[in-house]
Amino acid sequence: MPRASAGPAGRAWLLRLVIAFGFAQGAVSMARPAVSYRALSLGADERAVGVIAGVYALLPLFAAVPLGRRTDHGRCAPLLPFGVVLISGGCALSGTAGSLAAMAAWSGVMGLGHLCFVIGAQSIVARQSAPDEQDRNFGHFTIGASLGQLVGPIAAGALIGADMGRTSALALLVSAAVGAVSLASLWRIEHVRPARSVESAERVPVLGILRARGVPGGIFVSLAVLSATDILTAYLPVVGEHRGIAPATVGLLLSLRAASTIACRLVMTPMIRLLGRTALLTGTCLLGGLLCAGMALPVPLWGLALMFAALGFCLGAGQPLSMTTVVQAAPEGARSTALALRLTGNRLGQVAAPASAGLIAGVAGVAAPFVMLGGLLFLAATLAVRSPRP
């Protein structure tokens with residue numbers, strides 16, 4: 001794997017990648033709650049909102065591994081603009097859709113675009129970072145996602161008003177424009193890859209990658225953390241409707257979580273030095289599980305804000321550390337495929353978790369899915385404690 005230059009100029013590609021990811025993720029984070037509100041305006045119930053949220057991950061579930069194989073064998077950069085086009089198109093067409101079925105379909109297109117962008121971007125970071133730089137570079141890379149998750153819900157909450165159908169459609173059209181801005185940062189973002197044989201990548205079967213010690217645990221931790229983030233984004237509008245919390249306040253709560261996640265990633269390197277990778281992953285998953293389960297309680301708004309801030313910090317460590325774990329545990333020449341398998345696990349969680357949450361909410365109430373998330377994070381903590389040292 002080529003070593004990126006350690007100087008600021010040598011990491012200019014990383015800064016531009018963070019900026020592009022911030023706009024792309026901002027578009028998605030703005031669109032996801034807007035899709036939920038638009039679905040509610042079209043007559044959706046809790047189960048339908050869960051199904052639409054799950055369809056977002058359905059197409060990526062089947063596309064991740066082929067895209068990872070392709071990236072192992074060639075360049076990563078072409079996936080980025082292609083993903084942006086799909087994200088913006090899915091956002092815009094969701095805003096003009098007049099039925100729940102059409103909204104679900106365009107939500108799937110949006111999810112496929114996000115997958116393309118993330119596979120290409122993560123592979124660039126893995127390929128252009130030395131092993132001792134990966135924790136830092138993946139942490140900085142995921143700050144782009146957190147910035148998008150910070151600004152997107154605030155923008156959605158500011159745009160969505162009393163006329164939920166019209167204003168949620170406007171929010172989706174604006175999110176399409178936000179996503180398109182990321183194209184401006186994607187020029188010459190990938191270094192020229194040294195010529196090497198790719199036969200080794202072709203000889204590593206998927207089961208061989210999954211048997212590598214550390215890969216399954218890293219995949220499950222990522223699945224649990226992303227499922228928590230995804231259900232918080234998709235279901236907090238539903239909880240807000242039941243508890244009388246305004247859309248603008250819901251957007252602020254989601255953005256507070258994202259701001260805390262950024263804070264975690266900014267101090268992640270010293271935390272790893274102080275606590276160690278395993279203790280950091282285990283502790284954040286355990287505390288995150290407790291906080292998720294606590295959200296089922298009828299806490300006041302100020303208490304909910306404090307819980308969201310603490311939860312955002314806990315969820316900040318799982319994604320970048322799971323990326324590093326999977327990359328360092330995977331066989332040489334199949335690292336993009338391993339990252340794609342991690343994303344497949346993420347999307348499997350994004351399909352199963354919202355659908356399960358919808359069923360649980362329909363039976364036990366809209367707060368019950370948060371208890372389910374708590375259990376998922378507790379299980380992730382047990383796997384993190386058993387994960388090998390990279």
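Let me begin by describing the structure that accompanies this report. Just so it is clear, the model here is predicted, and its values are computed rather than measured.

## Topic: the packing of helix α13 (residues 277–294) against helix α14 (residues 301–315)
Between α13 and α14, whose axes approach to 9 Å, the crossing angle comes to 150°. Taken together, α13 and α14 sit at an angle that is classed as roughly antiparallel. Along this stretch, α13 crosses α14, giving a crossing that reads as left-handed. In this structure, α13 uses Thr 284, Leu 287, Gly 288, Leu 291, Cys 292 and Gly 294 to contact α14, whose residues at the interface are Met 307, Ala 310, Leu 311 and Cys 314. Class assignment of the residues belonging to the contact of α13 with α14 gives a composition of seven nonpolar, three polar and no charged.

## Regarding helix α10 (residues 215–243)
The end-to-end C-alpha distance of α10, which contains 29 residues, comes to 40 Å, matching closely the 42 Å that a straight helix rising 1.5 Å per residue would cover. The buried fraction of α10 amounts to 25 of the 29 residues, a majority that puts the element mostly inside the structure. After α10 finishes, the residue Gly 244 shows a positive phi value of roughly 75°.

## Here's the deal with the nonpolar core
Where a protein is soluble and globular, its nonpolar side chains tend to be buried together. Within the largest apolar cluster, 104 residues are counted, with the highest numbers of intra-cluster contacts made by Leu 17 and Phe 117. When neighbours within four sequence positions are excluded, Phe 117 is seen to be in contact with Ala 20, Phe 21, Ala 24, Leu 79, Leu 80, Gly 83, Val 84 and Leu 186.

## Quick word on the pattern of salt bridges
Inspection of the entire model under this criterion finds two salt bridges. With a closest N to O distance of 3.8 Å, Arg 136 and Glu 133 form a salt bridge. We classify Arg 136 as partly exposed; its relative accessible area is 25%. Residue Glu 133 is classed as buried on the basis of its relative accessible area, which comes to 5%. Across the salt bridge formed by Arg 166 and Asp 163, the nearest N and O atoms sit 3.4 Å from each other.

Calculation criteria
- Residues numbered from 1 in each chain as written.
- Predicted model: local features only at pLDDT ≥ 70, side-chain atom pairs only at ≥ 80, totals over all residues.
- Heavy atoms only, no water.
- Axes fitted to C-alpha atoms, helices over the stretch in contact; angles between N-to-C directions.
- Helix = DSSP H or I, 4+ residues; strand = E, 2+ residues; numbered from the N terminus.
- Parallel < 35°, antiparallel > 145°, perpendicular 65-115°, else oblique.
- Left-handed = near helix turned anticlockwise from the far one by under 90°.
- Contact = heavy atoms within 4.5 Å.
- Nonpolar A, V, L, I, M, F, W, Y, C, P; charged D, E, K, R; others polar.
- Expected span 1.5 Å × (residues − 1).
- Buried < 20%, exposed > 50% of the residue type's maximum accessible area, 1.4 Å probe, protein only.
- Core = buried A, V, L, I, M, F, W, Y, C linked by side-chain atoms within 4.5 Å.
- Salt bridge = Lys/Arg side-chain N within 4 Å of Asp/Glu carboxyl O.

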